[in-house]
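Analysis of the macromolecular model
So the chains spell out like this:
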Amino acid sequence: PAARALASADDGALADDEDGMVDDQGSDDASSRPTREGQECLLPGELRTVVEAVTLRLPELLPSADLHTLTLLLNALAQLRFAQKDVTDLLTEELLANEARFQRMTGRQLAMILNSAARLQLFDPRLLDAMVSKTRQQAGSLDSQALCLVANASAKLQFGLDTFQALYAQV
């Protein structure tokens, strides 16, 4: 079931959970495996092997990825708690590589990326600085759901008082 999150987050069986992440409803049977920083990976051995095989192909696939694809990849990895540093570093680099693409980020994508970063514990200073800037820039255009999700993730990532003032000025 979790492999479907990697394959297609547009599938009707997937739904957004309370923190803006795309969840596969009803997948309670995954075993736990430790990953970095005390997180638990929700992948049984065979599925973990499949996800690792997919992530090995990322270097050749990412250069042609659009922002929607990058957002869904980060979201899927966060849902699976698959926090291999080389994979998350690669996704972070690609996310920041194209400024024009980054500037086209929607409020929903911002919320998903922020929540993925919080769940995966991505504390790359360049990513956080870019996300703080994007959060402040988009604060006035977020719908109520995106505003709540962005505020929640911003708190988890400790974005600071100026960011919260920008967000809560919209309430």
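**Quick word on the overall build of the chain**
- Regarding its fold elements, the chain presents 10 helices and 4 strands.
- Its helices and strands in sequence order give the chain the pattern α-β-β-β-β-α-α-α-α-α-α-α-α-α, from N to C terminus.
- Out of the 171 residues in the chain, the part that is buried amounts to 47%.
- Contacts in the chain between residues at least 24 apart in sequence constitute 69% of all its contacts with a sequence separation of at least 6.
- If you sum the accessible surface of the chain, you get close to 8500 Å²; carbon and sulfur atoms cover 52% of it.

**Considering the packing of aromatic side chains**
- Under the criterion given, the structure shown has 1 aromatic pair.
- Considering the side-chain rings of Phe164 and Tyr168, the 6.0 Å spacing of their centres and the 15° angle between planes classify their relative orientation as stacked. Of the two residues, Phe164 and Tyr168 both sit in helix α10 (residues 161-168), 4 residues apart, roughly one turn of that helix.

**Here's the deal with the pattern of salt bridges**
- Enumeration over the complete set of coordinates arrives at 6 salt bridges.
- Linking Glu93 and Arg126 is a salt bridge whose minimum nitrogen-to-oxygen distance equals 2.3 Å. Remark: Arg126 occurs in helix α8 (residues 125-138) and Glu93 occurs in helix α5 (residues 85-97); sequence separation between them is 33 residues.
- The partly exposed category is assigned to Glu93, whose relative accessible area is 42%.

**Things to note about the packing of helix α7 (residues 107-120) against α8**
- Two numbers describe how α7 lies on α8: the axes approach to 11 Å, and their chain directions differ by 145°. For the pair α7 and α8, the sense of crossing is left-handed. The segment α7 lies against α8, with Gly107, Leu110, Ile113 and Leu114 engaging Met131, Lys134, Thr135 and Gln138.
- Of the residues assigned to the contact of α7 with α8, the class counts are 4 nonpolar, 3 polar and 1 charged.

**Some thoughts on the nonpolar core**
- Judged by nonpolar contacts, the single largest core of 45 residues is most densely connected at Leu91, Leu95, Leu114, Met131 and Leu167.
- Within the residue set of this core, elements represented by two or more residues are α2 (45-56), α4 (67-80), α5, α7, α8, α9 (144-156) and α10.

**Concerning the environment of Leu110**
- Counting through the fold element by element, Leu110 comes out in helix α7.
- On a C-alpha basis, the gap between Leu110 and Val150 in space is 7.2 Å, while along the polypeptide they are 40 residues apart.
- Among residues more than four places away in sequence, those in contact with Leu110 are Met105, Met131, Lys134, Thr135, Gln138, Leu142 and Val150.

**Side note on α2**
- If you check α2, its first and last C-alpha atoms are 17 Å apart, about what 12 residues at 1.5 Å a residue would give, namely 16 Å.
- Of all the positions in α2, only Leu47, Arg48, Val51 and Thr55 are classed as buried. Considered in projection along α2, the buried side chains sweep an arc of 100° and stay on one side of the axis. The exposed set on the far side of α2, more than 90 degrees from its buried face, consists of Glu46, Thr49 and Leu56.

**Let's talk about α10**
- Along α10, the residues that are buried comprise Thr163, Phe164 and Leu167. Along the axis of α10, the buried positions cluster into a sector of 95°, meaning they face one direction only.
- Lining the buried residues of α10 we find α8 and α9.

**Brief notes about unusual backbone geometry**
- The backbone of Gln121 sits at a positive phi, close to 55°, despite the residue not being glycine.
- Mapped onto the elements of the fold, Gln121 is located in the loop between α7 and α8.
- When its relative accessible area of 24% is taken as the criterion, Gln121 is described as partly exposed.
- At Gln158, a position not held by glycine, the phi torsion is positive, near 55°.
- As for its position among the elements, Gln158 is in the loop between α9 and α10.
- The exposure class of Gln158 is exposed, given its relative accessible area of 70%.

Cut-offs and rules
- Residues numbered from 1 in each chain as written.
- Predicted model: local features only at pLDDT ≥ 70, side-chain atom pairs only at ≥ 80, totals over all residues.
- Heavy atoms only, no water.
- Helix = DSSP H or I, 4+ residues; strand = E, 2+ residues; numbered from the N terminus.
- Buried < 20%, exposed > 50% of the residue type's maximum accessible area, 1.4 Å probe, protein only.
- Contact = heavy atoms within 4.5 Å.
- Areas by Shrake-Rupley, 256 points an atom, 1.4 Å probe, with all protein chains shown as cover.
- Phe/Tyr/Trp six-rings, centres within 6.5 Å; stacked < 30°, edge-to-face > 60°.
- Salt bridge = Lys/Arg side-chain N within 4 Å of Asp/Glu carboxyl O.
- Axes fitted to C-alpha atoms, helices over the stretch in contact; angles between N-to-C directions.
- Left-handed = near helix turned anticlockwise from the far one by under 90°.
- Nonpolar A, V, L, I, M, F, W, Y, C, P; charged D, E, K, R; others polar.
- Core = buried A, V, L, I, M, F, W, Y, C linked by side-chain atoms within 4.5 Å.
- Expected span 1.5 Å × (residues − 1).
- Arc of directions from axis to C-beta.

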